[in-house]
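Secondary and tertiary structure notes
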Amino acid sequence: IIVPITPGLFSALGLLLADYRYEYKRSLMRRLDEVIAHELEEVYNAIEETAFKHLKSKGLDNERILILRYADVRYRSQSYELTIEVPRPILPQTIDYLAHRFIEKHRSVYGYDAGKEDIVIVNVKITAIGLVEKPKIAVAKAYNEKNIKVDQAYSMRKAYFEETEWTTTPVYLRDKLRPGSIVEGPCIVEEYDSTIVVPPRWILKVNIYDMIELERV
């Protein structure tokens, strides 16, 4: 088990570092054999232009923007669609490729195909992803390759564990545990935004990135 630095804020950090992801969709509702390749390409280009403008307003350049094309497709008599990927650019032969991909996916999902029944594109859509630069995890400067056993606890407290029931348990302050430190359970580690409980027969180690590793012994 790995406990990161400031674990109570970890989900907030993840939110800040998560890539942008937007879905854009436009209704088409047209038989696939009636679709003209260059017109379909223009529809996707128009949607993608909107997506690029939106992501660039977030401070992203073209190199950090990824566009994925999809289409919702079904047989004419159906009331539900399957989503298939759409290659770029869309050429005349792409229309036959989309029909082939839809039939393959229909067979994979439902176990059959409907023969020569008309295939309909219901929606054209894209997924626009803005790649956010991720920070590198720094190696702790004070890391000691030799495990440092921590002897002095901040305080002692009664804690209940299934293996030992009520036990007088040492309490450590997180900011006093340096990289290379090792603590045997049972113990409790307190910090501003979280509390870490180490059960009996577990060991706590602070690794080279100043993160806590919990291992069963």
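Above: the structure in question.
Because the structure is a prediction, the values reported are computed rather than measured.

1. Brief notes about the environment of tyrosine 160
- Structurally, tyrosine 160 can be placed in strand S7 (residues 155-161).
- For tyrosine 160 and isoleucine 67, which are 93 residues apart along the polypeptide, the C-alpha to C-alpha distance reads 53 Å.
- Residue contacts for tyrosine 160: discarding those within four places in its chain leaves Glu165 and Trp166.

2. Focus on the layout of surface pockets
- Approximately 290 Å³ is the volume attributed to the largest pocket.
- Around the largest pocket sit 14 residues that line it, and Phe10, Leu13, Pro135, Ile137 and Met211 are the ones nearest its centre.
- Of the residues belonging to the lining of the largest pocket, the class tally is 10 nonpolar, 2 polar and 2 charged.
- In this structure, the second largest pocket spans a volume of roughly 180 Å³.
- Lining of the second largest pocket is provided by Ile5, Thr6, Arg174, Asp175, Leu177, Arg178, Pro179, Glu191, Tyr192, Asp193 and Asp210.
- Across the lining of the second largest pocket, the residue classes tally to 4 nonpolar, 1 polar and 6 charged.

What counts, and where the lines are drawn
Residues numbered from 1 in each chain as written. Predicted model: local features only at pLDDT ≥ 70, side-chain atom pairs only at ≥ 80, totals over all residues. Heavy atoms only, no water. Helix = DSSP H or I, 4+ residues; strand = E, 2+ residues; numbered from the N terminus. Contact = heavy atoms within 4.5 Å. 1 Å grid on protein atoms, 1.4 Å probe; cavity = no way out; pocket = protein on both sides within 12 Å on 5 of 7 lines; lining within 4 Å. Points joined across faces, edges and corners; volume = space filled by probe spheres on them. Nonpolar A, V, L, I, M, F, W, Y, C, P; charged D, E, K, R; others polar.

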